[in-house]
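Given next are the chains, with one letter for each unit.
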Amino acid sequence: MNLRIPGPTPLPPEVLKAQSRQMISHRDQEFAELFARLRQDLGHVFQTRNDILVLVASGTGGLEAGIVNFLSAGERVLAVTIGSFGERFRDIARSHGAEVIELASEWGQATDAESLRKALSADPEIKAVLITHNETSTGVTQDLGLLSQVVRKVRPEALVIVDAISSLSSLPLPADDWDIDVVIACSQKGLMTPPGLAMVSVSRRAWEAYARARMPRFYMDLGKLKKQIETDGTHPFTPALSLFYALEVALGLIKEEGLEAVFQRHRQIGEFVRGRLEALDLKLFADPRYASNSVTAISVPEGVEAGKVLKVLREKYGVVLSGAPGKLRGKVWRIGHMGYVSQAEVAEALDALGKVLKDIPPSR
Ligand SMILES: *Cc1c(COP(=O)(O)O)cnc(C)c1O
């Protein structure tokens, strides 16, 4: 199958193999050494000197950790949303009792810096700003460097907490240069590893907030993880060892290719996808100015049955694309092009899409 969904992404053969290694004791030096190498390589990909904690959880678990460790119930939080993953982040904060204010933009658009400035200026009590770097539901990449700058200017003490799940290691995200307090990623997107690990980087400002934060936390307690690392270099709970093996190999592949080269490959494939869609007379769902280089949302043409096209693509051509969640269901197809991906694989998927659309002409 040519799996071209925005995660889980296909695994390189070396990563597939790494997972089949025998178990080791997670309390031994051998694990501590593996974990230390892994954190160092993650620091390179996260482009940060901040602590990086690893949780056994899907990306959403990482988002939850990014809320409960740094906030207290009743605290004011600004959720900057441009699609369904931003709404999920907002809802997590809300469900833990934060007083959430939402700055929502039209789906397909990015957040306008001036409206962020206004929202922050209007409320001096905002303690944290939640931003989705790359909104996977709409195929939009935010200008995160600019948005972070706005936060620093208007509310220097507010935390910038970023969902980087579909951007990290695919799109440039210099966390320290952009002064991002908390960056959340997970294993199964650009990091070319099976689902099951979430990673969270934590700045000094965020650790100060952690000391004050009162939302309940136990398994997701990042301070507990940090303490265990400082004690003996291990993990407080039994880590998913096979995923750690796999992640180490995947990070090695990224290092070998070079982070800049990986970004360049994603940029080039993103442009290629947009070019091919234009040739097929298909429209981007996103405003082209903000189109993502890791995932593309395609507007389903008028009169075309979105689900039927996906079904024929899979059954006749072995190509798996994704529909869209929530209110975009039936209106958008998504093609993932992050992680272990080449232009040839994406070309094959789009050629197949072109053929299917010719086979099943619009009913109107
Ligand atoms: C995939 C994704 C998530 C959710 O991750 P899960 O691993 O499914 O919990 C959250 N945010 C973004 C931007 C994503 O792309």
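What comes next is a walk through the structure.

Analysis parameters
- Residues numbered from 1 in each chain as written.
- Predicted model: local features only at pLDDT ≥ 70, side-chain atom pairs only at ≥ 80, totals over all residues.
- Heavy atoms only, no water.
- Axes fitted to C-alpha atoms, helices over the stretch in contact; angles between N-to-C directions.
- Helix = DSSP H or I, 4+ residues; strand = E, 2+ residues; numbered from the N terminus.
- Parallel < 35°, antiparallel > 145°, perpendicular 65-115°, else oblique.
- Left-handed = near helix turned anticlockwise from the far one by under 90°.
- Contact = heavy atoms within 4.5 Å.
- Nonpolar A, V, L, I, M, F, W, Y, C, P; charged D, E, K, R; others polar.
- Buried < 20%, exposed > 50% of the residue type's maximum accessible area, 1.4 Å probe, protein only.
- Pairing = 2+ DSSP bridges.
- Phe/Tyr/Trp six-rings, centres within 6.5 Å; stacked < 30°, edge-to-face > 60°.
- Lys NZ or Arg CZ within 6 Å of the ring centre and 35° of its normal.
- Arc of directions from axis to C-beta.
- Polar contact = N/O pair within 3.5 Å; in protein donor to acceptor, adjacent residues only side chain to side chain.

**Some thoughts on the packing of helix α10 (residues 259-279) against helix α12 (residues 343-359)**
Argument step 1. For the pair α10 and α12, the least separation of the axes is 10 Å and the interaxial angle reads 20 degrees. Here α12 runs roughly parallel to α10, going by the angle between their axes. Once α10 is placed against α12, the crossing between them reads as right-handed. Residues Gln268, Ile269, Phe272, Val273, Arg276 and Leu277 of α10 touch α12, and the partners they reach there are Gln343, Val346, Ala347, Leu350 and Asp351.
Argument step 2. Of the residues that constitute the contact of α10 with α12, the class distribution is seven nonpolar, two polar and two charged.

**Topic: the pairing of strand β8 (residues 159-163)**
Argument step 1. With five of its five residues buried, β8 lies for the most part within the structure.
Argument step 2. Here β8 shows a buried face lined by Leu159, Ile161 and Asp163 and a second buried face lined by Val160 and Val162.
Argument step 3. Two elements, β8 and strand β9 (residues 182-186), share three bridges in a ladder whose sense is parallel. Within the sheet, the bridge partner assigned to Val162 lies in β9 and is Val183.

**What about the packing of aromatic side chains?**
Argument step 1. Considering all chains together, one arrives at six aromatic pairs under this definition.
Argument step 2. Where Tyr219 meets Phe237, the ring centres are 5.1 Å apart and the plane angle is 25 degrees; that geometry is what we call stacked. Of this pair, Tyr219 sits in the loop between α7 (204-212) and α8 (222-232) while Phe237 is found in the loop between α8 and α9 (241-257), placing the two residues 18 residues apart along the sequence.
Argument step 3. What makes Tyr219 partly exposed here is its relative accessible area of 36%.
Argument step 4. Taken together through their ring pairs, the aromatic side chains of Phe31, Phe35 and Phe244 make up a single cluster.
Argument step 5. A cation over an aromatic ring shows up here: Arg21 above the ring of Tyr245, its NZ or CZ 5.0 Å from the ring centre.
Argument step 6. Between Arg39 and the ring centre of Phe35, over which it is positioned, the NZ or CZ distance is 4.5 Å.

**Looking at the sheet that holds strand β14 (residues 332-336)**
Argument step 1. The strand order β11-β12-β14 describes an open sheet built from three strands, whose pairing is antiparallel. The sheet terminates laterally at β11 (283-284) and β14, the two strands that pair on one side only.
Argument step 2. In the sheet, β11 pairs with strand β12 (residues 295-299) via two bridges, with the strands oriented antiparallel. The residue of β12 that forms the bridge with Leu284 is Ile298.

**Comments concerning α8**
Argument step 1. Turning to α8, its buried residues number three or more, namely Leu222, Gly223, Leu225 and Ile229. Mapping the buried residues of α8 onto a view down its axis gives an arc of 160 degrees, with all of them on the same face. In α8, the exposed positions that point more than 90 degrees away from the buried face belong to Lys227 and Thr231.
Argument step 2. Among the structural elements, α2 (29-46), β2 (51-56), α3 (59-68), β10 (197-202) and α7 are those in contact with the buried residues of α8.
Argument step 3. Where α8 begins, the side chain of Asp221 points an oxygen toward the backbone nitrogen of Gly223, at a separation of 2.9 Å.
Argument step 4. After α8 finishes, the residue Gly233 shows a positive phi value of roughly 75 degrees.

**Topic: the sheet that holds β2**
Argument step 1. Ordered by their spatial adjacency, seven strands build an open sheet running β2-β10-β9-β8-β5-β3-β4, and the pairing between neighbours is mixed. For this open sheet the edge positions go to β2 and β4 (99-104), each flanked by a neighbour on one side alone. Taking each pair of neighbouring strands and ignoring which way they run, the sheet shows an average axis angle of 20 degrees.

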